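# Chains, contacts and geometry: an overview
Listed below, chain by chain, are the residues.
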Amino acid sequence: MSDAQPKKSFERYPHVGLAIDPIHVGTGGARLGRVDNTIVRDPATKLPKIPGSSLAGVLRTYVAMAEESERDQSKRAGPYYPNCAGQGQRRPDGSGGHCGRPDCRVCTVFGFARGNDSAGGFAGLASFSDMHLLLFPVATREGPVWVTSPGALRLAGIDQGIDGAIKDENRVYRKNGTGKSLNLGWLLLEVDTLTVNLDASLAKVPKYIRNRVALVSDKLFSHVVNSNLEVRTSVAIDASTGAAEEGALFTYEALPRSSVLCWDVICKYPGHFQTADGPIGAVASPDDVHNVVMKGHPYLAALGIGGMGTRGMGRLRVL
Ligand SMILES: [Zn+2]
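Report on the accompanying structure. (Residues numbered from 1 in each chain as written. Predicted model: local features only at pLDDT ≥ 70, side-chain atom pairs only at ≥ 80, totals over all residues. Heavy atoms only, no water.)

## Points about the nonpolar core
- Ranked by internal contacts, the top residues of the largest apolar core, which has 62 residues, are Ile23, Phe221 and Leu300.
- Setting aside residues no more than four positions away along its own chain, Ile23 makes contact with Ile50, Ala254, Leu255, Leu261, Ile305, Met313, Gly314, Arg315 and Leu316.
- In terms of nonpolar packing, the next biggest core, distinct from the first, is built from 21 residues, Leu135, Ile158, Ile166 and Val196 among them. (Core = buried A, V, L, I, M, F, W, Y, C linked by side-chain atoms within 4.5 Å. Buried < 20%, exposed > 50% of the residue type's maximum accessible area, 1.4 Å probe, protein only. Contact = heavy atoms within 4.5 Å.)

## A word on the coordination of the zinc ion
- Protein-derived ligands of the zinc ion are Cys84 (SG), Cys99 (SG), Cys104 (SG) and Cys107 (SG), with the metal-ligand distances lying across 2.3 Å.
- Around the zinc ion, the 4 donor atoms sit at angles spanning 102 to 114 degrees, and that spread fits a shape best called tetrahedral.
- Motif for the zinc ion, donor spacing along one chain: C-x14-C-x4-C-x2-C. Placement of Cys84 in the loop between helix H1 (52-69) and helix H2 (105-110) and of Cys104 in the loop between H1 and H2 is noted, with a sequence separation of 20 residues between them. (Donors = N, O, S within 2.8 Å, 3.2 Å for Na, K, Ca; no water. Tetrahedral: all angles 85-135°; square planar, octahedral: opposite > 155°, others 65-115°. Helix = DSSP H or I, 4+ residues; strand = E, 2+ residues; numbered from the N terminus.)

## A few points about the pattern of salt bridges
- Applying the stated rule across the entire model yields 18 salt bridges.
- Across the pair Glu67 and Arg105 runs a salt bridge, and its minimum N-O distance is 3.1 Å. Of the two residues, Glu67 is situated in helix H1 and Arg105 in helix H2; the sequence distance between them amounts to 38 residues.
- For Glu67, a relative accessible area of 2% puts it in the buried group.
- A salt bridge links Arg154 to Asp163; its shortest N-O distance comes to 2.6 Å.
- Note on Arg154: relative accessible area 38%, which makes it partly exposed. (Salt bridge = Lys/Arg side-chain N within 4 Å of Asp/Glu carboxyl O.)

## Quick look at H1
- The end-to-end C-alpha separation of H1 is 26 Å, in line with the 26 Å expected for 18 residues at 1.5 Å each.
- Every buried residue belonging to H1 is among Gly52, Leu55, Val58, Leu59, Arg60, Thr61, Tyr62, Val63, Ala64, Ala66 and Glu67, and all of these are buried. (Expected span 1.5 Å × (residues − 1).)

## With respect to unusual backbone geometry
- Between Tyr81 and the following residue, Pro82, the backbone shows a cis peptide bond with an omega angle of 10 degrees.
- Tracing the backbone shows Pro82 in the loop between H1 and H2.
- One non-glycine residue, Lys46, lies in positive phi territory at about 65 degrees.
- Along the chain, Lys46 falls in the loop between strand E1 (10-19) and strand E2 (49-50).
- Judged by relative accessible area, which is 48%, Lys46 ranks as partly exposed.

## Observations concerning the environment of Asp42
- Relative to the assigned elements, Asp42 resides in the loop between E1 and E2.
- Along the primary structure Asp42 and His132 are separated by 90 residues, whereas in three dimensions their C-alpha atoms are 9.1 Å apart.
- Sequence-distant contacts of Asp42, defined by excluding residues within four places in its chain, comprise Leu47 and Lys49.
- Here Ala44 takes part through its backbone nitrogen, which lies 2.9 Å from a polar atom of the side chain of Asp42. (Polar contact = N/O pair within 3.5 Å; in protein donor to acceptor, adjacent residues only side chain to side chain.)

## Description of helix H6 (residues 286-294)
- Every buried residue belonging to H6 is among Pro286, Val289, His290, Val292 and Val293, and all of these are buried. Projection of H6 onto a plane perpendicular to its axis shows the buried side chains occupying an angular sector of 155 degrees, all on one side.
- Next to the buried residues of H6 lie E1, H1, H2, strand E3 (126-128), strand E12 (260-268) and helix H7 (297-303). (Arc of directions from axis to C-beta.)

## Thoughts on the side chain of Asn83
- Topologically, Asn83 is positioned in the loop between H1 and H2.
- The class of Asn83 is buried, set by a relative accessible area of 18%.
- Not counting residues up to four positions away in its chain, the partners in contact with Asn83 are Arg91, Gly96, Gly97 and His98.

## Some words on the packing of aromatic side chains
- Using the criterion set out here, one finds 5 aromatic pairs in the structure.
- Seen in terms of ring centroids, Phe122 and Phe273 are 6.3 Å apart; in terms of plane orientation they differ by 80 degrees. Their pairing is edge-to-face. Highlighted residues: Phe122 in the loop between H2 and E3 and Phe273 in the loop between E12 and strand E13 (274-275), separated in sequence by 151 residues.
- Overall, Phe122 belongs to the buried group, its relative accessible area being 12%.
- For Phe273, a relative accessible area of 30% translates into the label partly exposed. (Phe/Tyr/Trp six-rings, centres within 6.5 Å; stacked < 30°, edge-to-face > 60°.)

## Focus on the environment of Gly177
- As for its position among the elements, Gly177 is in the loop between strand E6 (171-174) and strand E7 (181-184).
- The class of Gly177 is buried, set by a relative accessible area of 5%.
- Along the sequence, Gly177 and Ala214 sit 37 residues apart, while their C-alpha atoms lie 9.9 Å from each other.
- Look past the residues within four positions of Gly177 in its chain and what remains in contact with it is Val191 and Thr193.

So this is what it looks like as structure tokens:
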């Protein structure tokens with residue numbers, strides 16, 4: 001019998017983030033209804049979300065940038081950025097691509113591809129859930145209100161007192177608002193008092209948002225969100241002339257600025273894994289893995305996630 005503590009095979013790290021800009025993570029040019037560029041939606045709830053794969057992709061790039069800025073050239077000749085960022089395919093001459101070294105924090109945490117087949121690749125020690133809407137800002141005649149629902153709260157791990165908080169599916173529940181009515185966009189709803197105290201559960205969320213939370217049913221939440229998304233119109237520019245292309249006006253959807261999103265990062269215990277080149281030396285614990293992931297967070301707040309980055313979109317502050 002060994003007296004060493006058994007190592008947990010993974011840890012879950014919940015995160016909350018605030019959109020500093022509108023965020024557009026597109027479905028890839030599908031034209032649905034009145035909007036040319038729609039955002040990704042959950043098939044069951046119809047709520048917009050950001051796929052975990054999009055988050056993993058940008059964080060990989062940002063962590064590679066952070067590692068590159070700290071690289072000690074006497075210890076490592078090859079660059080982290082751009083080699084260890086991106087999809088990792090080598091150039092036709094065999095240069096570039098993921099380094100795949102067991103001492104590379106980018107490649108061990110985010111995984112790596114090797115060669116032109118997948119043999120010798122590694123899945124990575126961090127995995128990312130989809131980013132879900134937790135609080136959605138809506139303009140009302142009383143100023144902005146952040147709407148949420150029991151389902152949205154549960155995805156953030158908040159479930160205490162949530163069952164039974166909605167007594168009437170056609171009402172909105174707020175801290176102190178009984179007897180009044182509130183318009184959420186074009187919807188006018190009676191207000192009742194919220195019986196759950198969400199302050200502790202939403203402690204990471206700024207107070208000005210926490211104080212203006214409105215709870216609605218899951219069904220109403222989907223309606224309110226989908227009818228209050230930001231829809232922008234833009235024009236495609238002809239690269240050769242620098243002028244607007246004829247007939248190139250297009251619209252796109254985005255999550256509005258000050259939307260609050262939640263997601264989980266699952267970090268595996270490095271000692272349970274091996275790369276083709278031996279045991280992992282870059283990180284020793286789930287906390288180490290998570291610390292590597294967090295190196296990308298300041299870049300998310302500066303460079304953002306999703307499309308239309310050049311149109312002032314996508315920045316997200318992790319709270
Ligand atoms: Zn690498």
